[in-house]
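Coordinate inspection notes
What follows is each chain in one-letter form.
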Amino acid sequence: MTDKYLITVLPKNEVSDPQGEAILDSAHALGYPEIRSIRAGRSFLIETDGDPNRIAEISDKLLANPIVERFEVKAL
Amino acid sequence: MTDKYLITVLPKNEVSDPQGEAILDSAHALGYPEIRSIRAGRSFLIETDGDPNRIAEISDKLLANPIVERFEVKAL
Amino acid sequence: MNATQNKPTRAVKPLWQELGLTRGEYDHIVSLLGREPNETELGIYGVMWSEHCSYKNSRKLLSGLPTTGSHVLQGPGENAGVIALDENLAVCFKIESHNHPSAIEPYQGAATGVGGILRDIFAMGARPIALLDSLHFGDPHERGKCRERPGMAGSVDPESDRVATLVRGVVRGIADYGNCVGIPTVAGETRFDANYLGNPLVNVMAVGIVPRDRIMRARASGIGGRVLYYGGPTGRDGIHGATFSSETFEEGVEDKRSAVQIGDPFMEKKILEATLELIESDAVDAIQDMGAAGLTCSSCEMASRGETGIEIDLARVPLRAARMSPYEIMLSESQERMLAVVSPEKWEKAAAILAKWDMKAHDLGEIKPGRSMVVKRGDEICAEIPVPSLTDAAPLNSPAMREPDNREARLALHLDDIPEPADPGAVLLRLLDSPELCSRAWIWEQYDHMVGTSTALKTIGGDAAVLRVHGSEKAVAVSVDSCARAASLDPKTGAMLAVAESARNVACSGALPVAATNCCNFGNPNRPEIYWQLAQSIEGMSEACRALDTPITGGNVSLYNETDGEAISPTLTIGMLGILDASAHATGIALQAGNLFLIGSGAPSLAASEYLYQEHHRIAGRPAAPDFADERAIQKLLLAGIQGGLIRAAHDVSLGGIAVTLAEMARAGRMGIRVDLPGAERTDVALFGEGPGRVIVVVEEKDEEKIMELARKFATEIRKLGEAGGGELVMKPGIRIPMSEILAAGRDTFTKLFEKRGSR
Amino acid sequence: MRFAVVVFPGSNCDKDCVRALRDVMGQDVAEVWHTETSLSGFDAVVLPGGFSYGDYLRCGAIARFSKIMRAVKEHADRGGLVLGICNGFQILVEAHLLPGALIRNRSLKFMCRPVWLKRERRDSLFTARGEDFLRLPIAHGEGQYFIDAEGYRKLEDEGRIAYRYEAPPGIEQAENPNGSVGRIAGILNAKGNILGMMPHPERACEEFTGGVTHGRWIFESMIAHLTGERAARAGIAA
Ligand SMILES: Nc1ncnc2c1ncn2[C@@H]1O[C@H](COP(=O)(O)OP(=O)(O)O)[C@@H](O)[C@H]1O
Ligand SMILES: [Mg+2]
């Protein structure tokens, strides 16, 4: 059986995110002043035949950089 | 009121995704043969005070490139 | 909130100790202030009296360096050194380390290292034109620790994987940052040795061009001047290890940890352009970047150099994080921030320039009479310190030094113990394929080395990179070198060799070496052996720079590079600057049609050689010191030969000896070679022996007499080795290899070692 | 001829383009800041390389909303020449002035090196001068040109592929440096007055920087076309 997972990787709260800040600036310039903050991260869509627990494992090992990022796994 | 949204941007199916492929290779090499496919994209965590509809609008306009990417907005 | 009230009952060291101060230093602070310092004040002393800001352990040693000369416009003491290029323009350059941050987070560590050194350059009013990187990593094959070479794909060896992760992260960090800002990374060095496993070295050098009449200095002048802050906001990035404020403690342990510094190259590009515009339009009186120790160091050094006082209000500092304490704001190492002094009537002009670049001008305070640094937050006074007590009164240590006991044994090398190679050709191919000597194109192709259209394409991958200077006839040449293998045996000689080699490299590209910058990477100076290494290295550098007339105009010291009591080898990185009379003289290493000559009186030796290390797994022998008179003769010969159009290509004989040098020339020129090497008692010495004082040049047949004459004129040796051409590399004695094999050797070494596809 | 080189925050090949056009090609060149709203008076517009807005988000994604981009479109609608180099190409694509998209290199690495290109059109406004094979530097991390099959067919049918990565016979070259569909290095719009290309002609206008001077051919073609046009206009006027 093949399962699908969405892994979302975002900069940790205390880590600065210049990319998100720059995108926020341009959102404001584009006429979206109501936006308060943007954090920019990465996402991965994974299909696996195996143990779902191993998805968190591989996210930690391969997808996110634990020093600056946190991640979340969601079954789809 | 401030609302939070998670926007997930992923490459369309027909678009090549070298990064996803490369991560798949190393997942296999690292001992995760059960992984079938990986698609690599981006994610944005947005806080807004305004109309939630405008989140889809800005995603379409700015955050994703509809030629090669699709996106999904999720309220948190 | 009262900072002491909620102090948790944990077994903490006293604050001063966590800040790296000694008991004696703490007592001295109390006597300087006439009272106990508060937390913020102590934090300020802690960073200002750290090695990084005060050079307390190295200052005495460094004071002996030659720092003046006919070209020098600015020696050490400012953000970077400045050298006269021509009547109107000057060259600004400096090297800096980012070792520790790169060890923790290689990508961001290296990226922010690039950002920091670029800010030093443009804070002087110079437009950066080039970057160089000197990188040292652990042995990717982990000789000694794991016998087997890890498999190419999906290696699971954690140690060797660590090196690959570091290499990938560091190179990508430098690339992404430098490329985005648009400064070409044009040269560097990449070395591997087991002793750098826990402590990789990332030294980055930047070079810029500034009109001589617009050199900016970081000294506050003009009482009443406004203190202008611009650039990125201040966050908790890189705050000094210890955090104590009960305010932050309440937020939980997670948030207290100092965050990794994150680079923002786009912001850097904006502050670069804005800073140059501010200076060009004469809107600012002084500029200083906020580097290590951020706001503390920049404000206090500005006031110190200008002999003024300064008052700033932390409530006006733009913050990235909520509820930051004064301590955190003062010590934050958030990147891409600048501090300037602006006279009030120019404020609007400065603000308008910043607005053009989508930045705000933050007015933090004022330059005051007297010598006091006052830090307020609104009406509350957070710190009040006499400026000289932070700078001039900073401690000056003379740690004990001792020569290591086992040194003589390592210096001994008995050639009788070393079997001669049966197949020198196979040795050559192995050397060319080794991480130490393989092609570095995998690295420099990730760097935009051409942006700016100043780089002489033919000098990329050669001894030194040449950059023309728009608006001048002249051009500059730059090279970074460290001779750490030799220095591990004899630090003083190693330092001299590094200076001599970098100068020779620059001369090979057609330039006169004129000045140098340096980065001292060492272990813990409180260990007598380490301090001895530092003293020896600086002495060697001093002697060599004096002899070669290349004064030191700046540099950086990185100490405590050790893990579990294992220090790195003493590693002195020299960044050399040379000047060419005309950019047309830029010379590369690629073989051209003509005959090959060996110039210089240096003699080959196996001491500390690559061959000895790779083939016989030994680092031993007594490395020979350079003969500086001969080095200068070689330089003169190279310059005269290149300027006279006689020398068509030149390459310094370095790691791997003549055999590797010739192979590199052949590889770059995609052309064969046929030579007879000077006889030696042993073929391995003749082929792979190393040592200073040797350069290979290519001269056309018709110019042979002229080059011989030049050698006689400058009194150095010259001998014809053979000729260029053909499809084979033939070196007598012992080597005959088809060019196809030479071209393939070492081409993919880095790809195989480091390209685990798909890693983050 | 009068050239505009548009400068966005984060552009970093703007000065290189100015120098190539002014000092090497002898043209009249002005830098135009991204907040300007008009390009009238210019014969040709260059969108230079670099990292506009840091290339945060996607290359060119933010720059395409700049005020100047409306003027660029108007200039093109009037028949003026537009050349987008590297990041300039990415901006044109994001702004839908050219079709397709530019995504991350297949190798996942930034790549800076001279490569060989083959000219696919000899009669376009940008390619009329020079020879069939050119050696120009590339320097990009996201230069893989993507377009769907139908779009690709259309480009081919309409002769809008200006350059492909291809070496002259007898020279070795990794076939496709970034994995582009059809090895595409540069494309034209339907009218033929907009060229977007990943390689940098401005870096190969002098031997010192480029080893060869093939980059001049592109600028020479543009200048020749504009000169011819001006002469024609003068002829009509007379
Ligand atoms: N990290 C690096 N970044 C850029 N260029 C590098 C790097 N490492 C090595 N190089 C380049 O590779 C070439 C060979 O380096 P190296 O073996 O140290 O040269 P040499 O022994 O002549 O000093 C030089 O042109 C050098 O500039
Ligand atoms: Mg060399």
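Residues numbered from 1 in each chain as written. Chains lettered and ligands numbered in written order. Predicted model: local features only at pLDDT ≥ 70, side-chain atom pairs only at ≥ 80, totals over all residues. Heavy atoms only, no water.

1. Details of the overall build of chain A
- For chain A, the count of helices and strands is 2 helices and 3 strands.
- Each helix and strand of chain A, ordered N terminal to C terminal, gives the series β-α-β-α-β.
- On C-alpha atoms alone, chain A measures out to a radius of gyration of 15 Å, which is more than a quarter above the 11 Å that the 2.2 N^0.38 rule sets for 76 residues.
- Its C-alpha atoms give chain A principal-axis dimensions of roughly 45 × 25 × 15 Å.
- Residues counted as buried form 54% of the 76 residues belonging to chain A.
- When contacts within chain A are restricted to residue pairs at least 6 apart in sequence, long-range pairs at least 24 apart make up 71% of them.
- Accessible area of chain A: about 3300 Å², with a carbon and sulfur share of 50%.
- Between the centroid of the 9 positive side chains of chain A and the centroid of its 13 negative side chains there is a distance of 1 Å. (Helix = DSSP H or I, 4+ residues; strand = E, 2+ residues; numbered from the N terminus. Rg over C-alpha atoms; globule rule 2.2 N^0.38 Å. Buried < 20%, exposed > 50% of the residue type's maximum accessible area, 1.4 Å probe, protein only. Contact = heavy atoms within 4.5 Å. Areas by Shrake-Rupley, 256 points an atom, 1.4 Å probe, with all protein chains shown as cover. Lys, Arg positive; Asp, Glu negative; His and termini not counted. Charge placed at Lys NZ, Arg CZ, Asp CG, Glu CD.)

2. Quick word on the coordination of the magnesium ion (ligand 2)
Residues and elements named next belong to chain C.
- Summarising the metal site, the magnesium ion (ligand 2) is bound by the protein donors Asp463 (OD) and Asn505 (OD1), whose distances to it range over 2.4 Å. Here Asn505 lies in helix α20 (residues 491-508) and Asp463 lies in the loop between α18 (441-444) and β14 (465-468), a separation of 42 residues in the sequence. Each member of the pair, Asp463 as well as Asn505, carries the same accessibility label: buried. (Donors = N, O, S within 2.8 Å, 3.2 Å for Na, K, Ca; no water.)

3. Examining the packing of helix α3 (residues 39-48) of chain C against helix α12 (residues 294-306) of chain C
All names here are of chain C.
- Running from amino to carboxyl end, α3 crosses α12 at an angle of 75°, the nearest separation of the two axes being 10 Å. With respect to each other, α3 and α12 are oriented roughly perpendicular. Together, Ile44, Val47 and Met48 of α3 and Thr296, Cys297, Cys300 and Glu301 of α12 make up the contact between the two elements.
- Across the contact of α3 with α12, the residue classes break down as 5 nonpolar, 1 polar and 1 charged. (Axes fitted to C-alpha atoms, helices over the stretch in contact; angles between N-to-C directions. Parallel < 35°, antiparallel > 145°, perpendicular 65-115°, else oblique. Nonpolar A, V, L, I, M, F, W, Y, C, P; charged D, E, K, R; others polar.)

4. Quick word on the site of ligand 1
Residue and element names in this part refer to chain C.
- The environment of ligand 1 is formed by 18 residues, the closest being Asp133, Gly188, Thr190, Gly461 and Gly462.
- A distance of 3.0 Å separates an oxygen atom of ligand 1 from a polar atom in the backbone of Gly188.
- Contacts to ligand 1 include Gly462, whose backbone N or O atom sits 2.6 Å from an oxygen atom.
- Protein burial of ligand 1: of its 550 Å² of free accessible surface, 91% is covered by the chains.
- Going through the elements one at a time, β4 (127-137), β5 (185-192), α18 and α20 are the ones with two or more residues in the shell around ligand 1.
- When residues of the shell around ligand 1 are assigned to their parent elements, the largest contribution, 5 residues, is made by β5. (Near = heavy atom within 4 Å. Polar contact = N/O pair within 3.5 Å; in protein donor to acceptor, adjacent residues only side chain to side chain.)

5. Digging into the confidence of the model for chain C
Residue and element names in this part refer to chain C.
- Across chain C, pLDDT averages 90, with 93% of residues at or above 70.
- Low pLDDT, under 50, characterises residues 241-257; the predicted model gives this stretch 35 contacts beyond four residues in sequence or across chains.
- On the interface metric, ipTM, the complex scores 0.94, and its pTM is 0.94. (pLDDT = per-residue confidence, 0-100.)

6. Side note on the interface of chain A and chain B
- At the junction of the two partners, chain A supplies 38 residues and chain B supplies 38 residues.
- Counting each side, the surface lost to burial between chain A and chain B is near 3200 Å², with a carbon and sulfur contribution of 57%.
- It is Tyr32, Glu34 and Leu45 of chain A in chain A that bury the most area against chain B; as a group they hold 18% of the surface buried on that side.
- Put simply, chain A and chain B have 4 salt bridges between them.
- In this structure, Arg54 of chain B engages Glu34 of chain A in a salt bridge whose closest nitrogen and oxygen atoms are separated by 2.6 Å.
- For the interface between chain A and chain B, the tally reads 24 residue pairs in polar contact (both at pLDDT 80 or more).
- Counting residues per element, the ones that place at least two in the side of chain A that touches chain B are β1 (3-11), α1 (18-29), β2 (35-48), α2 (53-63) and β3 (69-75) of chain A.
- Each residue belonging to the side of chain A that touches chain B can be placed in one class, and the counts come to 18 nonpolar, 9 polar and 11 charged. (Buried area = accessible area lost by both parts, 1.4 Å probe. Salt bridge = Lys/Arg side-chain N within 4 Å of Asp/Glu carboxyl O.)

7. Considering the sheet that holds strand β26 (residues 728-732) of chain C
Residue and element names in this part refer to chain C.
- On the basis of which strands lie adjacent, the open sheet formed by 7 strands has the order β22-β24-β21-β25-β23-β26-β27 and mixed pairing. Single-partner strands in this sheet number two, and they are β22 (647-652) and β27 (735-738). Averaged over all adjacent pairs, the angle separating strand axes in this sheet is 20°, with direction ignored.
- Where strand β23 (residues 673-676) and strand β25 (residues 718-724) come together, 3 bridges link them in antiparallel fashion. Bridge pairing links Arg674 to Glu723 in β25.
- Against the sheet, helix α23 (residues 628-643) contacts β21 (595-599), β22 and β24 (695-699), and its axis sits at roughly 155° relative to β22. (Pairing = 2+ DSSP bridges.)

8. Let's talk about unusual backbone geometry
All names here are of chain C.
- With an omega of 5°, the peptide bond running from Lys732 to Pro733 counts as cis.
- Along the chain, Pro733 falls in the loop between β26 and β27.
- Despite not being glycine, Tyr560 shows a phi value in the positive range, around 65°.
- Residue placement: Tyr560 occurs in the loop between β17 (552-558) and β18 (562-563).
- Residue classification places Tyr560 among the partly exposed positions, given a relative accessible area of 42%.

9. Some details on the relation of the copies chain A and chain B
- Once chain A is rotated about the relating axis by 180° and shifted along it by 0.0 Å, it coincides with chain B to within an RMSD of 0.4 Å. Seen this way, the second copy is the image of the first under a two-fold rotation axis. Judged by C-alpha distance, Arg42 of chain A is the residue of chain A that lies nearest the rotation axis, at 1.9 Å.
- When the interface residues of chain A are mapped onto chain B, 100% of them again fall at the interface, so both copies present the same face. (Least-squares fit on C-alpha atoms with pLDDT ≥ 70 in both.)

10. Considering the packing of aromatic side chains
- Using the criterion set out here, one finds 13 aromatic pairs over all chains in the structure.
- Between Phe192 of chain C and Phe750 of chain C, the ring centres sit 5.9 Å apart and the planes meet at 75°, which makes this aromatic pair edge-to-face. Of this pair, Phe192 of chain C sits in strand β5 while Phe750 of chain C is found in helix α28 (residues 749-754), placing the two residues 558 residues apart along the sequence.
- Judged by its relative accessible area of 1%, Phe750 of chain C is buried.
- Among the aromatic residues, those joined into a cluster by ring pairs are Phe137, Phe192, Trp442, Phe750 and Phe754 of chain C.
- If you follow Lys356 of chain C out to its NZ or CZ, it ends over the ring of Trp33 of chain D, 4.7 Å from the centre.
- Sitting over the face of the ring of Tyr613 of chain C, Arg485 of chain C holds its NZ or CZ atom 3.9 Å from the ring centroid. (Phe/Tyr/Trp six-rings, centres within 6.5 Å; stacked < 30°, edge-to-face > 60°. Lys NZ or Arg CZ within 6 Å of the ring centre and 35° of its normal.)

11. Comments concerning the sheet that holds strand β7 (residues 133-140) of chain D
Residue and element names in this part refer to chain D.
- Spatially, 9 strands are ordered β2-β1-β3-β4-β11-β10-β9-β6-β7 in an open sheet, and the strand pairing comes out mixed. The strands lining the two open edges of the sheet, one partner per strand, are β2 (28-33) and β7. With direction set aside, neighbouring strand axes in the sheet form an average angle of 25°.
- Sheet analysis places strand β3 (residues 44-47) next to strand β4 (residues 81-85), joined by 4 bridges and oriented parallel. Along β4, the bridge assignment pairs Val45 with Val82.
- Running over the sheet, helix α2 (residues 67-77) touches β1 (2-7), β2, β3, β4 and β11 (194-197) and is turned about 135° from β3.

12. Brief notes about the confidence of the model for chain A
- Residues at a pLDDT of 70 or more form 100% of chain A, whose mean pLDDT is 91.
- Considering each helix and strand of chain A separately, the mean pLDDT is smallest for α2 of chain A, with a value of 88, and largest for β2 of chain A, with 95.

13. Quick word on the interface of chain D and chain B
- Between chain D and chain B, the residue contacts involve 17 residues of the former and 17 residues of the latter.
- Around 1400 Å² of area is buried between chain D and chain B when both sides are counted, 64% of it from carbon and sulfur atoms.
- A per-residue breakdown of the area chain D buries against chain B is headed by Leu57, Arg58 and Phe146 of chain D, which together make up 36% of the total.
- A salt bridge links Glu21 of chain B to Arg106 of chain D, with the nearest nitrogen and oxygen atoms 3.0 Å apart.
- Seen at the junction of chain D and chain B, the total is 8 residue pairs in polar contact (both at pLDDT 80 or more).
- Class assignment for the residues of the side of chain D that touches chain B results in 8 nonpolar, 4 polar and 5 charged.

14. Topic: helix α7 (residues 106-122) of chain C
- Its 17 residues give α7 of chain C an end-to-end C-alpha distance of 25 Å, which sits within 8% of 24 Å, the value for a rise of 1.5 Å per residue.
- Burial of α7 of chain C is extensive: 16 of the 17 residues sit out of reach of the surface. (Expected span 1.5 Å × (residues − 1).)

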